[in-house]
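The lines below spell out each chain.
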Amino acid sequence: METADRFRTAVEKRDLAALDDLFTDDIRLYSPVKFVPFEGKEMVLGLFGVLLRTFEDLRYVGRFEGAAETSADGEEAPSVILPFRALVNGKQIHGIDLLQFDESGRVKEFTVMVRPQSAVHALGQAVLAGLVADGLAPAPADG
């Protein structure tokens, strides 16, 4: 999938503008730190702005291609899995990005899975802080 290669290059170069053409307008991003997906290109690009600042030393270490059911409609879609390694606040993260494509080859669903749990927690805190700082999420209530 050409889109997967372009996605990988954009992320590795931290080129947010290049991601814009790769996503459908109604993209859904499933995160390991939030049960409901982030929805819509504007929100997902905003999230990527935070992620690209949060991940340190992000590098993709492989690629798997196939097809899988999407979460939104259960239809099988062409899919690419990109395993990655990164640091978040000094914690080593192992993860995968699952990209699922529409008929035109743009990403319509994106799922991120990371391990270990301590890294998921660190990622969740860093992403929430970034979303709040960028005005994309309300500040958490104290208490």
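This report concerns the structure included in the present document. (Residues numbered from 1 in each chain as written. Predicted model: local features only at pLDDT ≥ 70, side-chain atom pairs only at ≥ 80, totals over all residues. Heavy atoms only, no water.)

1. Quick look at the overall build of the protein chain
The criterion, for reference: The helix count covers DSSP runs of H or I at least four residues long, the strand count covers runs of E at least two residues long, and both are numbered beginning at the N terminus. Atoms counted for the radius of gyration: C-alpha only. Globule rule: 2.2 Å times residue count to the power 0.38. To sort residues, take the accessible area from a 1.4 Å probe on protein chains only and compare it with the maximum for the residue type: under 20% means buried, over 50% means exposed, and anything in between is partly exposed. Residue contacts are counted whenever heavy atoms from the two residues lie within 4.5 Å of one another.
Summing up its helical and strand segments, the protein chain has 4 helices and 7 strands in all. Listing the helices and strands of the protein chain from first to last along the sequence gives α-α-β-β-α-β-β-β-β-β-α. For 143 residues, the compact-globule formula gives about 15 Å, and the C-alpha radius of gyration of the protein chain, at 15 Å, lands near that figure. Its C-alpha atoms give the protein chain principal-axis dimensions of roughly 45 × 30 × 25 Å. For the protein chain, the residues scored as buried account for 44% of the 143 residues in total. A separation threshold of at least 6 residues defines the contact pool for the protein chain, and within that pool the share at least 24 residues apart is 53%.

2. Thoughts on the side chain of Thr24
The test is simple: A 3.5 Å cut-off defines polar contacts: any pair of N or O atoms within that distance qualifies, except that in protein one atom must be a possible hydrogen donor and the other a possible acceptor, and neighbouring residues in sequence count only when both atoms are side-chain atoms.
Secondary-structure assignment places Thr24 in strand E1 (residues 23–30). When its relative accessible area of 4% is taken as the criterion, Thr24 is described as buried. Here Ile27 takes part through its backbone nitrogen, which lies 3.2 Å from a polar atom of the side chain of Thr24. Not counting residues up to four positions away in its chain, the partners in contact with Thr24 are Lys41, Asp102, Arg106, Val107 and Lys108.

Spatial relationships are all this shows, so hold off on functional conclusions.
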